[in-house]
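# Report on the structure
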Amino acid sequence: MGNGYKKINMNILCIGDIVGKPGRRALEGLLAGIKKEYQIDFVIANAENAAGGSGLSERIAKQFFRLGCDILTMGDHIWDQKDLEEYLDKEDRLIRPANFPEGSPGRGWSIKESASGVKVGVINLLGRVFMKYQILCPFLELEKIVQQIRKETSIIVVDMHAETTSEKIAIGYFSDGKISAIVGTHTHIQTADEKILPQGTAYITDLGMTGPYDSVIGQEKERIIRRYLTSMPVKFSVAKENSQVHGVVIDVNEKTGRARKIRRIQKSFKEE
Ligand SMILES: [Fe+2]
Ligand SMILES: [Fe+2]
C-alpha cells in the first residue's frame, strides 16, 4: 500500500464468459483500467467461449494470461477446440469443471499466488440440470476439493457453470461459510442478486458475459430468431456490436477468507 500499513483485504475480479473476438478485444481494452480502478489483486475469467464463440485454444489462453488473468475457468464448451486437451494437462492456471469423471484431461481446481504472495484456490464446477454431460455431483465434489485446498489457503473461489438459477442458488447456500465466494457463469446474462450469504460467502447467480451485447447471448440475433421461427438448424456466428466486460469484484479478508463485499461491474468497450 505504500503507507506502512499492511493490507489485509484483497480484491478478486471474476469475469463472465469471454465470447469470441469482440469479447477478447473488450478484455484487452478494459482489463488494465478495471484492475487499476478497483485495485484488483487477482483475476479469474471464464474462457469457455473465447475461441470463435465456442471453446478455447492454447494461443488465446496465453493471450489472457499475458493480459493479466491469473486463472481461467471453463464450462460445457470445454471440448470444443481439439488442441486444448493437451494444453489442459500442461497448464495449471487453466481449469475445467472438476466434476468430470476421472480420466478427463486437465484438472478441476488450482491454487495460485497473487502478486503480493497470497494464495487463492479456484474450483470450476459444472451443473447437472439441462447439461448434456454425465458428470459427478457438483455439491459433493465441491466439499471434497475444499478440504484439500483448505490445507493451503482459506481463500477459495468457485465458478459454478450452470443453466438454472435454482441449482446455482442451492449450491451457493450449501457452500456458505466453506469458501470465500461462489459465482455463476454460463447464461451470459448478469443477475442482480449479488450478496454476502449469512456465513460470509459472496454469491451471484451469474456474472454475465464479456462480449457483444446486441446479440442473443453472444450470437448474431437474426440467425437465432430464424431458428426459433423455423426449427431448422442454423450456423451460429458471433455478433459484433456493443461489446462489454461483465463481472464482479469481491473484497475478501486475507486472514479469514471471508468476503466483505461484492460489487457488480459492467463496462462498455469502444473500438478506437
Ligand atoms: Fe456454458
Ligand atoms: Fe458460456
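Overview of the structure. (Residues numbered from 1 in each chain as written. Chains lettered and ligands numbered in written order. Predicted model: local features only at pLDDT ≥ 70, side-chain atom pairs only at ≥ 80, totals over all residues. Heavy atoms only, no water.)

Counting 37 residues, the largest nonpolar core has L13, I15, L56, F64, L72 and L94 as the members making the most contacts within it. For this core, the element with the highest residue contribution is helix α1 (residues 20–37), accounting for five residues. Counting 22 residues, the second largest nonpolar core, distinct from the first, contains C14, F42, A181 and V252. (Core = buried A, V, L, I, M, F, W, Y, C linked by side-chain atoms within 4.5 Å. Buried < 20%, exposed > 50% of the residue type's maximum accessible area, 1.4 Å probe, protein only. Helix = DSSP H or I, 4+ residues; strand = E, 2+ residues; numbered from the N terminus.)

Turning next to the coordination of the iron ion (ligand 2). Within the protein, the iron ion (ligand 2) binds to D17 (OD), E48 (OE), N49 (OD1) and H188 (NE2); these donor distances fall in the range 2.1 to 2.2 Å. Given four donor atoms and angles of 87 to 169 degrees at the metal, the environment of the iron ion (ligand 2) is assigned as irregular. Donor residues binding the iron ion (ligand 2) come from one chain and are separated in sequence as D-x30-E-N-x138-H. A separation of 3.4 Å is found between the iron ion (ligand 2) and the iron ion (ligand 1), which are bridged by E48. Residue D17 is located in strand β2 (residues 17–18), and its partner E48 is located in the loop between β3 (42–46) and α2 (58–67); the two are separated by 31 residues in the primary sequence. The exposure class of D17 is buried, given its relative accessible area of 0%. (Donors = N, O, S within 2.8 Å, 3.2 Å for Na, K, Ca; no water. Tetrahedral: all angles 85-135°; square planar, octahedral: opposite > 155°, others 65-115°.)

What follows deals with the coordination of the iron ion (ligand 1). At the metal site, the iron ion (ligand 1) is ligated by E48 (OE), D76 (OD), H161 (NE2) and H186 (ND1), and these contacts range over 2.1 to 2.2 Å. With four donor atoms in place around the iron ion (ligand 1) and angles of 87 to 146 degrees between them, the coordination shape is irregular. Each donor residue of the iron ion (ligand 1) lies on the same chain, and together they follow the pattern E-x27-D-x84-H-x24-H. For D76, a relative accessible area of 9% gives the class buried.

One pass over the full model with this rule turns up one cavity of 30 Å³ or more. A volume near 30 Å³ is recorded for the largest cavity. In terms of lining, the largest cavity is formed by C14, I15, I44, A45, N46, T73, D159, V183, T185 and L207. Of all the secondary-structure elements, those providing two or more residues to the lining of the largest cavity are β1 (9–15), β3 and β8 (181–185). Counting residues per element, the lining of the largest cavity draws most heavily on β3, which supplies three residues. Class assignment of the residues belonging to the lining of the largest cavity gives a composition of six nonpolar, three polar and one charged. (1 Å grid on protein atoms, 1.4 Å probe; cavity = no way out; pocket = protein on both sides within 12 Å on 5 of 7 lines; lining within 4 Å. Points joined across faces, edges and corners; volume = space filled by probe spheres on them. Nonpolar A, V, L, I, M, F, W, Y, C, P; charged D, E, K, R; others polar.)

Moving on, we get to the pairing of β8. Within β8, five of the five residues are buried, which leaves it mostly tucked inside the rest of the structure. Residues of β8 alternate between two faces, with A181, V183 and T185 on one and I182 and G184 on the opposite face, all of them buried. Of the strand pairs in this sheet, strand β7 (residues 156–161) and β8 are connected by five bridges, and their pairing is parallel. What sits directly across from M160, in β8, is G184. A crossover links β7 with its parallel partner β8, the connecting element being helix α5 (residues 165–175), and its sense is right-handed. Alignment of β8 against strand β10 (residues 202–204), held across three bridges, turns out to be parallel. (Pairing = 2+ DSSP bridges. Right-handed = clockwise from strand over helix to strand, strands pointing away.)

Using the criterion set out here, one finds three aromatic pairs in the structure. Each ring, one from F100 and one from Y133, has its centre 5.0 Å from the other, and the planes form 75 degrees; the classification is edge-to-face. A residue pair is termed long-range when its members are at least 10 positions apart, and F100 in the loop between α3 (84–90) and β5 (109–113) and Y133 in the loop between β6 (119–126) and α4 (138–150) qualify at 33 residues. The burial state of F100 is the same as that of Y133; both residues are buried. These aromatic residues form a ring-pair network of at least three members: W79, F100 and Y133. (Phe/Tyr/Trp six-rings, centres within 6.5 Å; stacked < 30°, edge-to-face > 60°.)

On to the pairing of strand β13 (residues 259–268). A regular strand places its side chains so that they alternate between the two faces of the sheet. Both strand β12 (residues 243–253) and β13 contribute to a ladder of nine bridges, which runs antiparallel. Pairing of Q244 across the sheet is with S268, part of β13. Counting the residues that bridge the hairpin from β12 to β13 gives five residues, and of these G257 lies at a positive phi of roughly 80 degrees.

Our focus in this paragraph is the layout of surface pockets. Considering only enclosed or pocket space, the largest pocket measures out at about 470 Å³ in volume. Surrounding the largest pocket, 22 residues form its lining, H77, H186, I217, Q219 and F236 being those nearest its centre. For the lining of the largest pocket, the class distribution of residues is eight nonpolar, nine polar and five charged.

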